[in-house]
Amino acid sequence: MTDELSARLERYLAQKLSAPDLAVSNLARIPGGASRETYRFRASYACDGTRAERNLILRRDPTASLIETERTTEFRAYQAFHKLGLPVPEPIALELDGAALERPFFIMEEITGCSVGSVIAPDPYAAHREKIGEQFFTALGRIAKADPQVIGVADFDGPRTRDACWSHEVARWEKVIEEDEREPQPIARAAIRWLKRNPPPAAQKICVVHGDYRSGNFLFDGDGNIRAILDWEMAHLGDPLEDLGWALDPLWSHGDPARPAGTIARGDAIAIWEDVSGLRVDPHALYWWEIFASLKGLAIWISAAREYAEGRNSDPVNAFSGWYCLAFHNHVLAERLGVQT
């Protein structure tokens with residue numbers, strides 16, 4: 001299968017880049033990924049009398065996806081924020097027609113010489129945790145500050161009015177739970193009731209929401225520099241507090257919720273985000289979005305469990321998500337809702 005895909009990819013890029021001698025090598029699947037198959041490979045071709053080589057990433061639609069996302073949105077998010085100067089890979093090509101590689105796909109540059117922090121590692125950033133934390137929440141503030149109209153993504157999916165941000169997202173993930181639950185989910189239902197009964201204030205602005213901004217979704221080098229923010233497949237328009245609530249979620253804290261993303265103190269993280277975004281965090285609104293974040297997590301893990309149990313996606317990450325992550329967020333929500341009731 002890899003040899004066949006490599007040959008197809010070689011033919012496609014040779015035509016796309018007008019490089020008839022282009023060769024693809026070292027094609028290898030990268031494990032994980034909820035909504036795309038991800039491969040790394042090397043392309044070499046003649047360029048200005050020399051042999052050029054590029055390390056690239058292929059993101060291809062799978063036969064079955066844990067999360068239904070729009071590949072065009074992901075590609076355009078990379079384009080917009082790469083132009084803005086955020087550390088994201090350069091997008092190279094997007095194909096909505098599945099003819100070349102059997103399914104729709106896009107290609108972007110690979111950022112090499114970097115690591116990713118495993119969500120189950122107790123201290124993935126070690127001596128660099130402070131430096132990485134400052135960059136992590138600074139970048140999130142820059143995403144919140146960006147004007148969707150100016151960067152060309154004002155047509156992304158999402159609410160069109162500031163007061164509809166919360167209800168739009170609750171409805172979206174409630175639907176996922178209704179469609180994918182294989183057994184009753186009483187804690188999820190209780191969370192949905194609480195979110196509807198206690199709506200947050202209207203968003204301060206409508207911005208681009210990354211949708212999965214967390215530890216484990218960025219690359220960093222040996223000097224503690226964040227080199228690439230990844231996994232924009234759930235990007236949409238919404239309340240900037242949505243991303244902040246997800247980034248602060250205990251699941252991504254590496255065992256210490258007081259240091260979100262396993263980096264800096266929570267208060268420092270929020271202060272950096274406020275300073276860069278130009279927005280202010282209402283504690284009550286943020287608490288609502290943190291409850292929502294754990295509900296969204298439940299919806300994703302419920303989908304993961306169903307995909308794995310019904311044999312549509314055998315990636316072990318789905319089994320882990322449907323077991324550990326689902327139980328984790330059930331516990332978080334039970335504790336938080338217990339305080340409120």
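Please read these numbers as outputs of a predicted model, since none were measured by experiment. Just so you know, the residues in each chain are numbered from 1, in the order the chain's sequence is written. This being a predicted model, a pLDDT of at least 70 is required before a residue's local features are given, and a value of 80 or more before pairs of side-chain atoms are given or counted; all residues contribute to the totals for chains, interfaces and linings. The basis for the side-chain values is all heavy atoms of the structure; hydrogens and waters are excluded.

1. Things to note about the nonpolar core
Here comes step 1: Think of a nonpolar core as a cluster: buried Ala, Val, Leu, Ile, Met, Phe, Trp, Tyr and Cys residues, connected wherever their side-chain atoms sit within 4.5 Å. Classification of residues uses two cut-offs on accessible area relative to the type maximum, computed with a 1.4 Å probe and protein chains only: under 20% is buried, over 50% is exposed, and between them is partly exposed. Counting 83 residues, the largest nonpolar core has Phe81, Phe137, Trp232 and Leu244 as its most contacted members.
Here comes step 2: Starting at the N terminus, helices and strands are each numbered in turn, a helix being any DSSP run of H or I of at least four residues and a strand any DSSP run of E of at least two. Of the residues forming this core, the biggest block, 13 residues, is contributed by helix α8 (residues 283–309).
Here comes step 3: Discounting chain neighbours no more than four positions away, the residues touching Leu244 are Phe137, Leu140, Trp273, Val281 and Leu286.
Here comes step 4: Judged by nonpolar contacts, the second largest core, of 20 residues, contains Leu9, Ala14, Val24 and Ala52. In what follows, a contact means two residues having at least one pair of non-hydrogen atoms within 4.5 Å.

2. Re the pairing of strand β5 (residues 105–109)
Here comes step 1: Most of β5 is tucked away: four of the five residues are buried.
Here comes step 2: The rule for pairing is simple: two strands pair if DSSP sees at least two bridges between them. With five bridges joining them, strand β3 (residues 50–60) and β5 adopt antiparallel strand pairing. Considered in β5, the bridge of Arg60 is made with Phe105.
Here comes step 3: Bridge analysis of strand β4 (residues 91–95) against β5 gives four bridges, and the strand direction is antiparallel. Each residue of the ladder has a partner; that of Glu95, found in β5, is Phe105.

3. Quick look at the packing of aromatic side chains
Here comes step 1: Only rings of Phe, Tyr and Trp enter the pairing, Trp through its six-membered ring, and a pair is recorded when the two centres are within 6.5 Å. The plane angle decides the type: under 30 degrees is stacked, over 60 is edge-to-face, the rest tilted. Applying the stated criterion to the full structure yields 22 aromatic pairs.
Here comes step 2: With centroids separated by 5.2 Å and ring planes inclined at 75 degrees, the aromatic side chains of Tyr125 and Phe220 adopt a geometry described as edge-to-face. Of this pair, Tyr125 sits in the loop between β6 (115–116) and α3 (129–145) while Phe220 sits in strand β8 (residues 218–220); the two residues are 95 residues apart in sequence, bridging distant segments of the chain. Here Tyr125 and Phe220 have matching classes, each one buried.
Here comes step 3: Here a set of aromatic residues connected by ring pairs shows up, and it is made of Tyr125, Phe136, Phe137, Tyr213, Phe218 and Phe220.
Here comes step 4: Lysine NZ or arginine CZ positioned within 6 Å of the ring centre and within 35 degrees of the ring normal marks a charge as sitting over the ring. One Lys or Arg, Arg29, reaches over the ring of Tyr39 and ends 5.7 Å from the middle of that ring.
Here comes step 5: The ring of Trp246 carries the charged tip of Lys296 above its face, separated from the ring centre by 4.5 Å.

4. A closer look at the packing of α3 against helix α6 (residues 240–247)
Helix packing for two helices is described by the angle between their axes and how far apart those axes are.
Here comes step 1: To define axes, lines are fitted to C-alpha atoms, for helices over the stretch in contact only, and angles between the resulting N-to-C directions are given on a 0 to 180 degree scale. Between α3 and α6, the least distance of the axes is 9 Å, while the angle of their chain directions is 160 degrees. Between α3 and α6, the interaxial angle falls into the category roughly antiparallel. Considering how the two elements wind past one another, α3 and α6 form a crossing that is right-handed. Of α6, the residues touching α3 (which contributes Phe136, Phe137, Leu140, Ile143 and Ala144) are Pro240, Asp243, Leu244 and Ala247.
Here comes step 2: Of the residues that constitute the contact of α3 with α6, the class distribution is eight nonpolar, no polar and one charged. Orientation categories follow fixed angle ranges, with anything under 35 degrees roughly parallel, anything over 145 roughly antiparallel, 65 to 115 roughly perpendicular, and all other angles oblique. Whether a crossing is left-handed or right-handed is set by the direction in which the near helix is turned from the far one by less than a right angle, anticlockwise for left-handed and clockwise for right-handed. Put simply, Ala, Val, Leu, Ile, Met, Phe, Trp, Tyr, Cys and Pro go in the nonpolar bin, Asp, Glu, Lys and Arg in the charged bin, and everything else, Gly too, in the polar bin.

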